[in-house]
Amino acid sequence: SALKPGLLVEINVSQLYGDFRQPKHPAAIFTVQFVFLEATNGIPGKAIFQMEYSRSVPLNAPTASALMAGWSEALAKITAEVSSDLRSVKTGEHLD
């Protein structure tokens, strides 16, 4: 593309697994770090926002399909929170 981004993001997934240690309470675990960078003319600059997010989603069964659904739910919750947090940063609000 000829378009130059004004914002870049680096994403690092540090945990992605099924926790089946308690057979009656299986969970999908998802931990990811986001680093947003200013990008003047598409060139990475200073970091404007960096945060790690983690979710543990209870599974309805200890199966591969339930685990995939749990990861999808965790990712949806995380991306919604990232979007909200990034909007706060862009408007000058402080995150605790």
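Residues numbered from 1 in each chain as written. Predicted model: local features only at pLDDT ≥ 70, side-chain atom pairs only at ≥ 80, totals over all residues. Heavy atoms only, no water.

Q: Sorry, what's going on with the overall build of the protein here?
A: Within the protein, the regular secondary structure consists of one helix and three strands. Going residue by residue from the N terminus, the α and β elements of the protein occur as β-β-β-α. Scaling as 2.2 N^0.38, a compact globule of 96 residues should have a C-alpha radius of gyration of about 12 Å, whereas the protein reaches 17 Å, well beyond that. Seen through its principal axes, the protein has C-alpha atoms that stretch 50 × 35 × 15 Å. Residues classed as buried in the protein amount to 28% of the 96 residues present. In the protein, the proportion of contacts linking residues at least 24 apart, taken out of those at least 6 apart, comes to 54%. Approximately 6,500 Å² of the protein is accessible, and the part contributed by carbon and sulfur atoms is 55%. Charge separation in the protein, taken as the distance between the mean sites of 8 positive and 9 negative side-chain charges, equals 5 Å. (Helix = DSSP H or I, 4+ residues; strand = E, 2+ residues; numbered from the N terminus. Rg over C-alpha atoms; globule rule 2.2 N^0.38 Å. Buried < 20%, exposed > 50% of the residue type's maximum accessible area, 1.4 Å probe, protein only. Contact = heavy atoms within 4.5 Å. Areas by Shrake-Rupley, 256 points an atom, 1.4 Å probe, with all protein chains shown as cover. Lys, Arg positive; Asp, Glu negative; His and termini not counted. Charge placed at Lys NZ, Arg CZ, Asp CG, Glu CD.)

Q: For this particular structure, what's the right way to read the sheet that holds strand β1 (residues 7–19)?
A: In a beta sheet, neighbouring strands are held together by backbone hydrogen bonds and run either parallel or antiparallel to one another. Overall, antiparallel pairing links the three strands, which are arranged β1-β2-β3 in an open sheet. Both edges of this open sheet fall to β1 and β3 (43–58), since each of them pairs with a single strand only. Averaged over all pairs of adjacent strands, the angle between strand axes in this sheet comes to 10 degrees, irrespective of strand direction. Sheet topology note: the strand β2 (residues 27–40)/β3 ladder contains 13 bridges and is antiparallel. Paired with Gln-33 across the strands is Glu-52, a residue of β3. Its contacts with the sheet put helix α1 (residues 64–90) on β1, β2 and β3, and the angle it makes with β3 is roughly 140 degrees. (Pairing = 2+ DSSP bridges. Axes fitted to C-alpha atoms, helices over the stretch in contact; angles between N-to-C directions.)

Q: Before we go on, may I ask you to explain the packing of aromatic side chains in this structure?
A: Aromatic ring pairs are defined here through the distance separating the ring centres and the angle between the ring planes. Evaluation of the coordinates by the stated rule reveals three aromatic pairs. Ring centres of Phe-34 and Tyr-53 lie 6.0 Å apart, and the angle between their planes is 75 degrees; on these two criteria the pair is classed as edge-to-face. In this pair, Phe-34 sits in strand β2 while Tyr-53 sits in strand β3, placing the two residues 19 residues apart along the sequence. On the accessibility criterion, Phe-34 (7% relative accessible area) is buried. Relative to Phe-49, the ring of Phe-36 lies with its centre 6.0 Å away and its plane at 40 degrees, an arrangement referred to as tilted. (Phe/Tyr/Trp six-rings, centres within 6.5 Å; stacked < 30°, edge-to-face > 60°.)

Q: I'm lost on unusual backbone geometry in this one. Help?
A: Only a minority of non-glycine residues have a phi that is not negative, and only a minority of peptide bonds are not trans. Even without being glycine, Asn-41 reaches a positive phi, approximately 55 degrees. Among the residues examined, Asn-41 registers a relative accessible area of 58% and is labelled exposed.

Q: Where do I start with the pairing of β2 in this structure?
A: Successive side chains on a regular strand alternate, one facing one side of the sheet and the next facing the other. Counting buried residues along β2, 11 of its 14 residues qualify, which places the element largely inside the surrounding structure. Two strands pair when backbone bridges link them, and β1 and β2 are joined in this way by 12 bridges, in the antiparallel orientation. Residue pairing for β2: Leu-8 is matched across the bridge by Leu-37. Linking β2 to β3, which pair antiparallel, is a turn of two residues; within it Asn-41 sits at a positive phi near 55 degrees.

Q: I tried to follow α1 on my own but got confused; where do I start?
A: It helps to recall that an α-helix has 3.6 residues per turn; residues three or four apart then point in one direction. Taking 1.5 Å per residue as the helical rise, α1 with its 27 residues ought to reach 39 Å, and the 39 Å between its terminal C-alpha atoms agrees with that figure. Buried within α1 are the following residues: Ala-66, Leu-67, Gly-70, Trp-71, Ala-74, Ile-78, Val-82, Asp-85, Leu-86 and Ser-88. For α1, the elements touching its buried residues are β1, β2 and β3. (Expected span 1.5 Å × (residues − 1).)

Q: Help me out: how do you make sense of the environment of Pro-26 in this one?
A: Turning to its location among the elements, Pro-26 is positioned in the loop between β1 and β2. Separated by 36 residues in the primary sequence, Pro-26 and Pro-62 have C-alpha atoms spaced 6.0 Å apart.

So, to be careful, I would describe these as geometric facts and stop short of saying anything about function.
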